[in-house]
Amino acid sequence: MGKRPVVLVVMDGVGINNSEYGNAVNAAYKPTLDELWANCPNTEISAHGLAVGLPSNEDMGNSEVGHNALGCGQIYSQGAKLVNENIESGEIFETETWSGLVKNCANGKMHFLGLLSDGNVHSHINHLKALMKRAKEDGVKEVRLHILLDGRDVPETSALIYVEDIENYMAELNDDNFHACIASGGGRMSITMDRYEANWAMVEKGWHVHVLGEGREFASATEAIETYRAETGVVDQDLPGFVITKDGKAVGTIEDGDSVVLFNFRGDRAQEISLAFDGDDSFDKFDRVRKPNVMYAGMLQYDADLNIPHNFLTYPPKIKYTLTEELCKHGIREYAISETQKYGHVTYFWNGNRSEKFDEKLEDYVEIKSDVVPFEQRPWMKAAEITDVLCAAIESGNYDFLRTNYPNGDMVGHTGNFEATVIGVESVDLQLARVKKAVDAVNGILIVTADHGNADEMYEKKKKEDAPIKAKTSHTLNKVPFIVYGADVELKQDENLGLSNVAATVADLLGIEPNEHWNPSIIKK
Ligand SMILES: O=C(O)[C@H](O)COP(=O)(O)O
Ligand SMILES: [Mn+2]
Ligand SMILES: [Mn+2]
């Protein structure tokens, strides 16, 4: 091509926060990032709320919407917003899927499985309430709820707030003809919500409690949560699975003739459990022991290429004109690499929730296997291993555009462990120095940015001056850095810039005319 290669680094979860309080990014020793920020063209860009297609500016960013915006140069209404609209207009209940679900369980139960919170990253409790209410109106008699406790997109020990809320809601709905109750549950990082096949054993554990009704027994979800908290001290996302029983019997195993709705709208952590429900006898990820004959549907279609799940209630955004597609048209050779935890972020999310490549010949994707450990124990994760392989790819001269995601700021940030998160950010900085050197060796251009904040705010904001410090595990509403190294450009400084302006900027740096559908480049002309 004769063009200068462009390397883009997403430092997952590394936002900009002017306050030092709980700020693991500022607390980290990060000479390379500091030097780049001080000496290179840079700007701050938005990564949350309306800038990434979420319902409001109160919604923090997340990896799905962040990488979608980065990789497609446009702002699409995202799952959270689409489901809101679909419920508000009532269209969701006019779908064949909904009527099929209702009809299918005429003599059985309707099960709702999903993340119980108002985090709005994977799900929203209001969506669940709307589905339950309508199920009752449509004549469903028995509803069972399988709850995944959050504490990752919401405060780390907030599960009981949502349990109480939904139990009160069910109590109001329950009458002589309708009965809804919680049947099983567990922490979202302990059961069911694995992603990118990092740890199928989590899904197997979820299958056992939700479907088979096998697990430690409790009389209520509150009892389970309180008992586990007292025994283990773990936070909500890590609480073990539990089964609710009455008179020695699980109240809501999933049986032939039942219907099951996964009320999460986000795809990554919804796919594996969906495969377990949809899969025929050839399913071999774990032994399901018993596979009930149910109608299963997702709140959204999680992967349109792979048709997961077969039935769904809301169409995902149809993301068109992605950067990868455009670059392929120009013969640009692309390379994407991350470790398992974020591999799908730089491929599937980046390409508009598409799991197939646009052009086999032009694209190479590499996954480095993530550790299966609590990440506060190994905050460096696989940053060095990613860099080994990435630098070799840069120096090979075989690629024109290379992108990577370093998960540390985010994955360690989600543990709520400040010290470990500082080390996570420092690990990324160490690798950044190596990437920069490789970029220099090929006379390339380096872009450093992030998909949303997390490590930049590790403590919940205090409500009272003398309140104790409380760890914050979720993402933030903060802006993220955008830095260009190795190119003599001037960057715009504009309140309205966001992640969706990055694709056009990459095209500019590669000497390609940005697609007309994209938001404008950040480079001043
Ligand atoms: O799934 C998760 O781990 C969190 O809910 C969101 O994190 P991510 O958007 O950075 O993946
Ligand atoms: Mn992220
Ligand atoms: Mn995250």
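Quick caveat: nothing in here was measured; it's all calculated off a predicted structure.

J.: I would appreciate a short explanation of the coordination of the manganese ion (ligand 2) in the present structure.
T.: Ideal geometry at a metal gives 109.5 degrees between four tetrahedral donors and either 90 or 180 degrees between six octahedral ones. Only Asp 12 (OD), Asp 12 (OD), Ser 63 (OG), Asp 451 (OD) and His 452 (NE2) from the protein reach the manganese ion (ligand 2) as donors, at distances of 1.9 to 2.8 Å. For the manganese ion (ligand 2), the 6 donor atoms in the first shell make angles of 51 to 156 degrees at the metal, so the coordination geometry reads as irregular. For the manganese ion (ligand 2), the donor residues sit on a single chain with the sequence spacing D-x50-S-x387-D-H. Separation of the manganese ion (ligand 2) from the manganese ion (ligand 3) amounts to 4.4 Å. Classification of His 452 as buried rests on a relative accessible area of 0%.

J.: In this structure, what is going on with the UniProt feature "binding site: Mn(2+) 1" (unreviewed entry) in the protein chain? I would like to understand it.
T.: Following the UniProt record, the feature "binding site: Mn(2+) 1" (unreviewed entry) maps to Asp 410, His 414 and His 475 here. In three dimensions, the annotated residues from a span of 66 residues occupy one location, with a maximal C-alpha spread of 7.9 Å. You can see Asp 410 is positioned in helix 14 (residues 408-411). Among residues more than four places away in sequence, those in contact with Asp 410 are Asp 12, Gly 13, Lys 342, His 452, Asn 454 and His 475. Its location among the elements puts His 414 in the loop between helix 14 and helix 15 (418-441). A residue is classified by how much of its surface remains accessible, and His 414, at 3% relative accessible area, is buried. Setting aside its immediate chain neighbours within four residues, His 414 contacts Arg 152, Asp 153, Gln 237, Asn 454, Thr 473, Ser 474 and His 475.

J.: Is there a simple way to explain unusual backbone geometry in this structure?
T.: Negative phi is the rule for most residues except glycine; trans is the rule for most peptide bonds. The amide bond that connects Ile 308 to the next residue, Pro 309, takes the cis arrangement and shows omega of -10 degrees. Within the secondary structure, Pro 309 sits in the loop between strand 10 (295-298) and helix 11 (323-329).

J.: How should I be thinking about the domain arrangement of the protein chain in this particular structure?
T.: Interfaces are often sized by the accessible area lost when the parts come together. According to the domain assignment, the protein chain contains domain 1 (6-13 + 42-77 + 319-418 + 434-509) and domain 2 (80-298). Between the C-alpha centres of domain 1 and domain 2 the distance comes to 31 Å. Taken residue by residue, the interface counts 26 residues in domain 1 and 24 residues in domain 2. Taken over both partners, the interface formed by domain 1 and domain 2 buries close to 2100 Å², and the fraction arising from carbon and sulfur atoms is 50%. Interface area lost by domain 1 to domain 2 is led by Pro 55, Ser 77 and His 414, which between them contribute 21%. In this structure, the connection of domain 1 to domain 2 is made through 0 salt bridges. There are 9 residue pairs in polar contact (both at pLDDT 80 or more) connecting domain 1 and domain 2. At the level of elements, helix 3 (63-72) and helix 12 (340-349) are the ones that each hand at least two residues to the side of domain 1 that touches domain 2. Of the residues in the side of domain 1 that touches domain 2, the class split is 9 nonpolar, 12 polar and 5 charged.

So, how was this worked out
- Residues numbered from 1 in each chain as written.
- Chains lettered and ligands numbered in written order.
- Predicted model: local features only at pLDDT ≥ 70, side-chain atom pairs only at ≥ 80, totals over all residues.
- Heavy atoms only, no water.
- Donors = N, O, S within 2.8 Å, 3.2 Å for Na, K, Ca; no water.
- Tetrahedral: all angles 85-135°; square planar, octahedral: opposite > 155°, others 65-115°.
- Buried < 20%, exposed > 50% of the residue type's maximum accessible area, 1.4 Å probe, protein only.
- UniProt positions renumbered as here; feature names shortened; annotations may be inferred.
- Helix = DSSP H or I, 4+ residues; strand = E, 2+ residues; numbered from the N terminus.
- Contact = heavy atoms within 4.5 Å.
- Domains from an automatic or database assignment.
- Buried area = accessible area lost by both parts, 1.4 Å probe.
- Salt bridge = Lys/Arg side-chain N within 4 Å of Asp/Glu carboxyl O.
- Polar contact = N/O pair within 3.5 Å; in protein donor to acceptor, adjacent residues only side chain to side chain.
- Nonpolar A, V, L, I, M, F, W, Y, C, P; charged D, E, K, R; others polar.

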